[in-house]
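Spelled out from the first residue to the last, the chains are:
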Amino acid sequence: DIYCFSRLSNSKMLSHCLCQVYKCLFLRNLKLNLINVATSARRIHSSAKKPSDCELKEQTIQKCETEELPQSTENKNFARLHIPVMLEEVVNCLSPQPGQCFLDMTFGAGGHTTALLEKANDVTIYALDRDPTAYKIAQQLSESYPKQIRALLGQFSQSEALLISSGVEPGTLDGVLLDAGCSSMQFDTPERGFSLQKDGPLDMRMDSDRYPEMPTAADVVNALDQQALASILRTYGEERHAKKIASAIIQARSIYPITRTQQLASIVAGAFPASSLHARKDLLQRPTHVATKTFQGLRIFVNDELHELLIGLKTAEKFLKPGGRLVALSFHSLEDRIIKRFLHGIDMTEKYNLGSRQKIRQALKNCSKEEDTQEFPHGKSNSKWIFIQKKVLTPQAKDIQTNPRGRSAKLRAAIKL
C-alpha cells in the first residue's frame, strides 16, 4: 500500500510539474499574433535535452546499420503509396538544368527528388528529412545515384549545420523545395500515431524516437490544463469548439490516461451530439471526423512545425544563390500565411486581418518604397524575391482525383534576387 501510494504521489507531482511548465511556457505569448505562438512551442521543445551533434550522428549511423525498413506490404511500397503533390508544377518552377545543385528539405518517399533527377542530367540533390524512415529511403535511393543524392537526417532548424558539414556553402544552391506538413507514410503507419482512422500509440513525433525526452501527443493531452489545451487546439488546429473538446479531454483523463489515437478520437467525438459527428466537410465535400482539427493542432504543437517552417525558409534564402529558385508547398492556412509573409517581406508579428483604414494607412506608408520597386514580368516582387507565378498555384482536378490528400495544397514559387 505504501509503494502504491508513493507511485501515485510521484505521478501526481510529475503531472503537476509538467502542467506548470507547459502552462508558463505556452501561455506567456498567447496574446501575441497567431503565427508568433510558435515561439512558445519552441521554448517547450528546447527545454528537452537533445544529444550533441556527434552523439546524434553516431546514433544515426548505428541505427541505419542495424535497422531495416518494415517489410510489410504497406511499408515496402511507400514510394508507390506516397504520391508527390503537384509534381509537374514543382519541376516546372524549379526548372532543373544539367549540373545544378538542389536541396529537397522534405524528402519523404523521394517522389519530387526522383522527378528532378529524371528531368536533368548530372544534378546534385541534398535530400533532407527529419523522419528516420524517409532518411533510410533516401539512403537506398542514393545507392542508385551515388554521386547525385546526399541523404541528410535532421529538422529544418538543423539544416544549416548539416549542409555546412556536407561542404555546402551559403549562396551556392540553384533551387530549394520545401514541402510542409505530414507525409502519407506517416499517416499510413498506425505505430506513428498520426492518423485517427487507424489505432496506434498517441505519438505524432515526426522525428520518431530520435529524441526520447521530447513530448509526445499523449504527454500533451495528459499533462496540460484545460486552458492550455484549448489554446493549442484553437491556435494550431483552428478549432472553434476548442474549449468544449479540452473539457472532454480533462474529464476523460481523470478516469484513465489517454494513450491511443482512436481513444482520443472517441473522446473528442463524445463532446459532440451524434447528429454533428459527420457534419463537417472537406474541400471535396466529403464527411470528415470531428477530431481532425484536434489531431492537426496537437501534431503541429508536438513537432513545433510553424517555427521549423520559418527557420527552413530562412535557411533556404541563405543557401540559395542569386537567381536560385524556392518552391514552397503548404497544406493549411497557418503554413501558407507564413510562406506568403516571408516571400512578401512582411513582419510575422504584423496583424494579418487589418481593417480597411489600416490597409490605407499601410499603403500610404509604403508608397515611397513602392515607387523604388522595379516591376518584373512574372509578378510583383519585394526587395529579395521575384515571384515566378502571379497567383498561388493549387492542384488540378485530375491531381485531386488521383491524390485526394493533396487537395488543400498551395504552391508558391519565387526567384532570389
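Small disclaimer: the values here were computed from a predicted structure and weren't measured.

Reading the values: the criteria
- Residues numbered from 1 in each chain as written.
- Predicted model: local features only at pLDDT ≥ 70, side-chain atom pairs only at ≥ 80, totals over all residues.
- Heavy atoms only, no water.
- Salt bridge = Lys/Arg side-chain N within 4 Å of Asp/Glu carboxyl O.
- Helix = DSSP H or I, 4+ residues; strand = E, 2+ residues; numbered from the N terminus.
- Buried < 20%, exposed > 50% of the residue type's maximum accessible area, 1.4 Å probe, protein only.
- Pairing = 2+ DSSP bridges.
- Axes fitted to C-alpha atoms, helices over the stretch in contact; angles between N-to-C directions.
- Contact = heavy atoms within 4.5 Å.
- Phe/Tyr/Trp six-rings, centres within 6.5 Å; stacked < 30°, edge-to-face > 60°.
- pLDDT = per-residue confidence, 0-100.
- Expected span 1.5 Å × (residues − 1).
- Arc of directions from axis to C-beta.
- Right-handed = clockwise from strand over helix to strand, strands pointing away.

1. Let's talk about the pattern of salt bridges
Then step 1. Within the structure shown, the criterion is met by 11 salt bridges.
Then step 2. A salt bridge links Arg 192 to Asp 131; the nearest nitrogen and oxygen atoms lie 2.9 Å apart. One end of the pair, Arg 192, is in the loop between helix H10 (184-187) and helix H11 (217-223); the other, Asp 131, is in the loop between strand S2 (124-129) and helix H8 (132-144), with 61 residues separating them in the sequence. Taken as a pair, Arg 192 and Asp 131 share a single burial class, namely buried.
Then step 3. Taking the shortest distance from any N to any O, the salt bridge between Glu 317 and Lys 384 comes out at 3.5 Å. Taken together, the residues Glu 317 in helix H16 (residues 305-319) and Lys 384 in the loop between helix H19 (367-371) and strand S6 (385-387) connect sequence positions 67 residues apart.
Then step 4. Given a relative accessible area of 15%, Glu 317 falls into the buried group.
Then step 5. Look at the salt bridges and you will find they share partners, linking Arg 130, Asp 207 and Arg 210 into a network.

2. As for the sheet that holds strand S3 (residues 149-153)
Then step 1. Pairing is mixed in the open sheet, where seven strands are placed in the order S3-S2-S1-S4-S5-S7-S6. Taken across any chain shown, the strands that pair with only one partner, and hence form the sheet edges, are S3 and S6. Sheet twist, expressed as the mean angle between neighbouring strand axes with direction ignored, is 20°.
Then step 2. Note: S2 against S3, five bridges, orientation parallel. Note that in S3 the partner of Tyr 126 across the bridge is Arg 150.
Then step 3. Contacting S2 and S3, H8 crosses the sheet at an angle of about 165° to S3.
Then step 4. Lying on the sheet, H16 is in contact with strand S4 (173-179), strand S5 (320-330), S6 and strand S7 (410-416); it crosses S5 at an angle near 155°.

3. Side note on the packing of aromatic side chains
What describes a pair of aromatic rings is the distance from one ring centre to the other and the angle between the planes of the rings.
Then step 1. One pass over the structure, following the stated rule, counts three aromatic pairs.
Then step 2. Here Tyr 236 and Phe 301 contribute two aromatic rings whose centre-to-centre distance is 6.0 Å and whose plane-to-plane angle is 45°, an arrangement assigned as tilted. Placement of Tyr 236 in helix H12 (residues 226-236) and of Phe 301 in helix H15 (residues 292-303) is noted, with a sequence separation of 65 residues between them. One exposure class covers both Tyr 236 and Phe 301, and it is buried.
Then step 3. Ring geometry for Phe 342 against Trp 385: centres 6.3 Å apart, planes inclined by 55°, an arrangement best described as tilted. Here Phe 342, found in helix H17 (residues 333-344), pairs with Trp 385, found in strand S6; they are 43 residues apart in sequence, far enough to count as distant.

4. Comments concerning the confidence of the model for the protein
Then step 1. Averaged over all residues, the pLDDT of the protein equals 79, while 69% of them reach at least 70.
Then step 2. Put simply, helix H4 (residues 73-76) is where the protein has its lowest mean pLDDT, 39, and strand S1 (residues 101-104) is where it has its highest, 98.
Then step 3. Across residues 1-12 the pLDDT falls below 50, and counting only partners more than four positions away or on other chains, this stretch makes zero contacts in the model.
Then step 4. Residue range residues 46-51 is modelled with pLDDT below 50. Its contacts to residues more than four positions away, or to other chains, number 10 contacts.

5. Here we look at unusual backbone geometry
Then step 1. Its identity as a non-glycine residue notwithstanding, Met 86 has a phi of 50°, on the positive side.
Then step 2. Of note, Met 86 is situated in the loop between helix H5 (78-81) and helix H6 (87-94).
Then step 3. Classification of Met 86 by relative accessible area gives buried; the value is 3%.
Then step 4. For Ser 208, which is not a glycine, the phi torsion comes out positive at approximately 60°.

6. Regarding helix H13 (residues 242-253)
Then step 1. Taking 1.5 Å as the rise per residue, H13 with 12 residues should run 16 Å; its terminal C-alpha atoms sit 16 Å apart, in good agreement.
Then step 2. Of the positions making up H13, those classed as buried are Ala 242, Ile 245, Ala 246, Ala 248, Ile 249, Ala 252 and Arg 253. All buried residues of H13 fall inside an arc of 160° around its axis, so they share one side. In H13, the exposed positions angled more than 90 degrees off the buried face are occupied by Lys 243 and Gln 251.
Then step 3. Those residues of H13 that are buried are in contact with H11, H12, helix H14 (261-270) and H15.

7. A look at the pairing of S4
Then step 1. A large share of S4 lies buried, amounting to seven of its seven residues.
Then step 2. In terms of strand pairing, S1 meets S4 through three bridges, oriented parallel. Residue Asp 104 lies in a different strand from S4, and its bridge partner there is Leu 177.
Then step 3. Here six bridges tie S4 to S5, and the two strands are oriented parallel to one another. Bridge pairing links Leu 178 to Ala 328 in S5.

8. Side note on the pairing of S2
On a regular strand, each side chain points to the face opposite its neighbour's, so the side chains alternate between the two faces of the sheet.
Then step 1. Burial runs high along S2: six of the six residues are buried.
Then step 2. A two-sided burial pattern is seen for S2, the buried positions comprising Thr 124, Tyr 126 and Leu 128 on one face and Ile 125, Ala 127 and Asp 129 on the other.
Then step 3. Judged from the four bridges that link them, S1 and S2 form a sheet pairing that is parallel. Residue pairing for S2: Asp 104 is matched across the bridge by Ala 127.
Then step 4. Handedness of the crossover joining S2 and S3 through H8: right-handed.

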